[in-house]
Amino acid sequence: MNMDKKIYDVIILGAGPAGLSAALYAARGGLSVLVIEKGINGGQIAATDAIENYPGQMLEGETGRSLADRMALQAEQFGAVRVQDVITEAVLDQEVKELAGQKETYRGRFVVLAMGASPRPIGCKGEAQFKGSGISYCATCDGNFFTGLDVYVSGGGDAAVEEAVYLTRFARKVTIVHRRDRLRAVKSIQERAFQNPKIEFLWDSVVEEAFGEGMLQGLVIRNVKTGELTRITADPADGMLGLFGFVGNIPNSSLVKGMVDMDERGYIRTGGDMRTSLDGVYAAGDIRVKSVRQVVTAAADGAIAAVHISAE
């Protein structure tokens, strides 16, 4: 493994809205900036088909990917450098931090942890078996695979309902399975779902089991109030059905577990200035403890972190 001999002013882990915003502000402030990302720009929003509430977005239509790519170009315009690598080890308790990746080892005086979060498993029996064979966590990635089929969505928050509406472009019918008797999504998103004739609801229910031979062919739904189990099978002419999970997220913080202060779920604790419990280490976006996780708040976190780093 090679050592990147340069010592950057700031190393940012993650090229989602938080990381790219931090990169833009830090680079524009004259700091040398390295962004390390294992995948594509955008993090979770890269899989979002429609962005409607980001200030200044393209009104004629904005996807998560298009917004993230423009953010990345803007940061690069001011000199931020981006590399694609997977960081496997971090030494953060020294003045010059070291991040060991699969390709290189990188060094920097400040680090911004902006690795985001990943979809939480639905938690049903058979889930692992049918991932990629009927079970998905990304409607924009996989929705077209379910054209003309019956699709079920587990969850009742903003993401679940938005993605359910999106899936109606492809599916014959979309059923939202929610453990409560009302949705948690904001009212405007709920209204879109209630007005869509292709969306149905299974209230007070959870997916207990997924089954099939090779492909997902059925579900067992449990009513959380009565305990009643309902077995659902795919139309024989279809041969399969779809299940999408949108039941929350898990922070991608395992790299720094035990190094910085976290809550019981693994979200990183910060102050209002985005500083963590470790000197020179900041956290921004979905990875940190916060009440609102939106693109605009992630971008704000990144900007705040970079401004405070620039002042040091």
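Model, not experiment: these values are computed from the prediction.

A. Representation of the nonpolar core within the structure. With 33 residues, the main nonpolar core has Ile-12, Val-33 and Val-112 as its most contacted residues. Those elements that provide at least two residues to this core are strand 1 (2–13), helix 1 (17–28), strand 2 (33–37), helix 2 (64–77), strand 6 (104–113) and helix 6 (295–311). When residues in this core are grouped by element, the largest group, seven residues, is from helix 1. Counting 22 residues, the second largest nonpolar core, distinct from the first, contains Ala-139, Ala-164, Ala-171 and Ala-193.

B. Quick look at helix 5 (residues 187–194). For helix 5, the set of buried residues is Ile-189, Gln-190 and Ala-193. Down the axis of helix 5, the buried side of the element spans an arc of 100°, and every buried residue falls inside it.

C. Broad picture of the packing of helix 1 against helix 6. Two elements in contact, helix 1 and helix 6, have axes whose closest approach is 7 Å; the angle formed by their N-to-C orientations is 35°. Handedness of the helix 1/helix 6 crossing: right-handed. In contact with Pro-17, Ala-18, Ser-21, Ala-22, Tyr-25 and Ala-26 of helix 1, helix 6 contributes Val-295, Ala-298, Ala-299, Gly-302, Ala-303, Ala-306 and Val-307. Residues belonging to the contact of helix 1 with helix 6 are distributed by class as follows: 11 nonpolar, two polar and no charged.

D. Representation of the sheet that holds strand 10 (residues 173–177) in the model. Taken in spatial order, the five strands make up an open sheet running 8-15-9-10-11, and their pairing is parallel. Each edge of the open sheet is held by one strand with a lone partner, namely strand 8 (135–136) and strand 11 (199–202). As paired elements, strand 8 and strand 15 (residues 242–245) share two bridges and run parallel to each other. When the sheet's bridge partners are listed, Ile-135 is paired in strand 15 with Leu-243. Sitting on the sheet, helix 4 (residues 158–167) touches strand 9 (150–154), strand 10, strand 11 and strand 15, and the angle it makes with strand 9 is about 170°.

E. Quick look at the pattern of salt bridges. Following the criterion strictly, the structure yields 15 salt bridges and no others. A salt bridge links Arg-70 to Glu-62; the nearest nitrogen and oxygen atoms lie 2.1 Å apart. Residue classification places Glu-62 among the buried positions, given a relative accessible area of 3%. Put simply, Asp-69 and Arg-65 hold a salt bridge, and the shortest N to O gap is 3.5 Å. Note that Asp-69 and Arg-65 are positioned in helix 2 at a spacing of four residues, about one turn of the helix. For Arg-65, a relative accessible area of 38% puts it in the partly exposed group. Among the charged side chains, a salt-bridge network with shared partners connects Asp-150, Arg-172 and Asp-238.

Cut-offs used in this document
- Residues numbered from 1 in each chain as written.
- Predicted model: local features only at pLDDT ≥ 70, side-chain atom pairs only at ≥ 80, totals over all residues.
- Heavy atoms only, no water.
- Core = buried A, V, L, I, M, F, W, Y, C linked by side-chain atoms within 4.5 Å.
- Buried < 20%, exposed > 50% of the residue type's maximum accessible area, 1.4 Å probe, protein only.
- Helix = DSSP H or I, 4+ residues; strand = E, 2+ residues; numbered from the N terminus.
- Arc of directions from axis to C-beta.
- Axes fitted to C-alpha atoms, helices over the stretch in contact; angles between N-to-C directions.
- Left-handed = near helix turned anticlockwise from the far one by under 90°.
- Contact = heavy atoms within 4.5 Å.
- Nonpolar A, V, L, I, M, F, W, Y, C, P; charged D, E, K, R; others polar.
- Pairing = 2+ DSSP bridges.
- Salt bridge = Lys/Arg side-chain N within 4 Å of Asp/Glu carboxyl O.

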